[in-house]
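Remarks on the overall topology
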Amino acid sequence: MGNKGMIVILSAPSGCGKDTVFKEIAKRRDDVCESVSATTRAPREGEINGINYYFISKSEFERKIENNEFLEYANYADCYYGTPAAPALANVEAGKICFLIIERKGAQKVMKRCPDAVSIFLMPPDMKTLEQRLKKRNTESDDAILNRMKIAREEIKSSGEFDYIVVNNELEKAVDEINEILTSELKKRNNSL
Ligand code: 5GP
């Protein structure tokens with residue numbers, strides 16, 4: 001029988017480097033995949049529909065909510081973000097470790113709905129570094145950065161709800177730590193060496 005997959009919730013304040021961390025993990029393991037979310041936010045330069053996100057209208061998003069198509073969804077900085085349920089569940093069924101890279105409210109919903117999911121909170125080394133990373137990214141206005149910093153403080157306060165906290169100070173170390181978590185959680189589930 002093939003191994004069981006699992007859902008991994010990776011949550012972190014905006015600008016903490018969760019996408020970079022995931023990319024590094026995906027380079028090292030072939031059993032991981034990433035759920036592509038739907039959002040009503042406008043695409044940033046270089047973002048591709050269907051790869052980074054499914055960029056959809058508010059009315060289409062609300063129709064999908066009505067149809068129960070999301071595993072979870074949340075409102076973040078005045079936009080909707082949601083995880084399409086069917087592909088995530090199909091990936092787990094196929095034995096994959098399916099990463100949901102999502103904010104706190106959505107993470108809480110998945111923890112309730114999928115108690116088997118592993119939840120990891122990626123912590124910035126400190127608030128100053130987080131602010132510098134957000135500014136360096138050059139994708140948000142000053143007001144939007146202030147708003148994201150405010151949300152970040154709230155997210156950090158509730159990081160104790162997660163199964164694991166990993167500090168993203170050095171990329172390589174954070175990736176090593178998450179990799180070990182994945183290996184050990186898979187062993188627990190599949191009871192094998
Ligand atoms: P951004 O606008 O920077 O791409 O994302 C803003 C926040 O929304 C980030 O914390 C990101 O992880 C989160 N996010 C992305 N997709 C989803 C999703 O499907 N559901 C939820 N709840 N949050 C998401």
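Located above this text is the structure these notes cover.
Presented here is an overview of the structure given in this document. Keep in mind the model is a prediction, meaning the values are calculated, not measured.

Comments concerning the layout of surface pockets
Reported here for the largest pocket is a volume of approximately 930 Å³. Contributing to the lining of the largest pocket are 35 residues, with Asp19, Arg41, Arg44, Tyr53 and Ile101 lying nearest its centre. Top element by residues in the lining of the largest pocket is helix α1 (residues 18-28). It accounts for 5 residues. Split into classes, the residues belonging to the lining of the largest pocket amount to 11 nonpolar, 11 polar and 13 charged. Estimated volume of the second largest pocket: approximately 350 Å³. Looking at the lining of the second largest pocket, the elements that each hand over two or more residues are β1 (6-11) and α3 (85-93). The leading source of residues in the lining of the second largest pocket is α3, at 3 residues. Of the residues in the lining of the second largest pocket, the class split is 6 nonpolar, 4 polar and 4 charged.

Remarks on unusual backbone geometry
Notably, Asn68 is not glycine yet its phi reads approximately 60°, a positive angle. Locating Asn68 in the fold gives a position in the loop between α2 (58-66) and β5 (70-76). Looking at Asn68, the relative accessible area reads 64%, which means it is exposed. Backbone geometry at Ala77 places phi at a positive 50°, although glycine is not the residue there. Following the sequence through the fold, Ala77 ends up in the loop between β5 and β6 (79-84).

Structural notes on the site of the ligand
The ligand sits among 17 residues. The nearest are Ser37, Arg41, Tyr53, Tyr81 and Glu103. Measuring from an oxygen atom of the ligand, one finds a side-chain N or O atom of Tyr53 at 2.5 Å. A distance of 3.1 Å separates an oxygen atom of the ligand from a polar atom in the backbone of Ile101. Protein coverage of the free-state accessible area of the ligand, which is 510 Å², stands at 95%. The site holding the ligand turns out to be the largest pocket. At the level of elements, β5 and β6 are the ones that each hand at least two residues to the shell around the ligand. Across the shell around the ligand, the residue classes break down as 7 nonpolar, 4 polar and 6 charged.

What counts, and at which threshold
- Residues numbered from 1 in each chain as written.
- Predicted model: local features only at pLDDT ≥ 70, side-chain atom pairs only at ≥ 80, totals over all residues.
- Heavy atoms only, no water.
- 1 Å grid on protein atoms, 1.4 Å probe; cavity = no way out; pocket = protein on both sides within 12 Å on 5 of 7 lines; lining within 4 Å.
- Points joined across faces, edges and corners; volume = space filled by probe spheres on them.
- Helix = DSSP H or I, 4+ residues; strand = E, 2+ residues; numbered from the N terminus.
- Nonpolar A, V, L, I, M, F, W, Y, C, P; charged D, E, K, R; others polar.
- Buried < 20%, exposed > 50% of the residue type's maximum accessible area, 1.4 Å probe, protein only.
- Near = heavy atom within 4 Å.
- Polar contact = N/O pair within 3.5 Å; in protein donor to acceptor, adjacent residues only side chain to side chain.
- Areas by Shrake-Rupley, 256 points an atom, 1.4 Å probe, with all protein chains shown as cover.
- Sits in = over half its atoms within 2 Å of the grid points.

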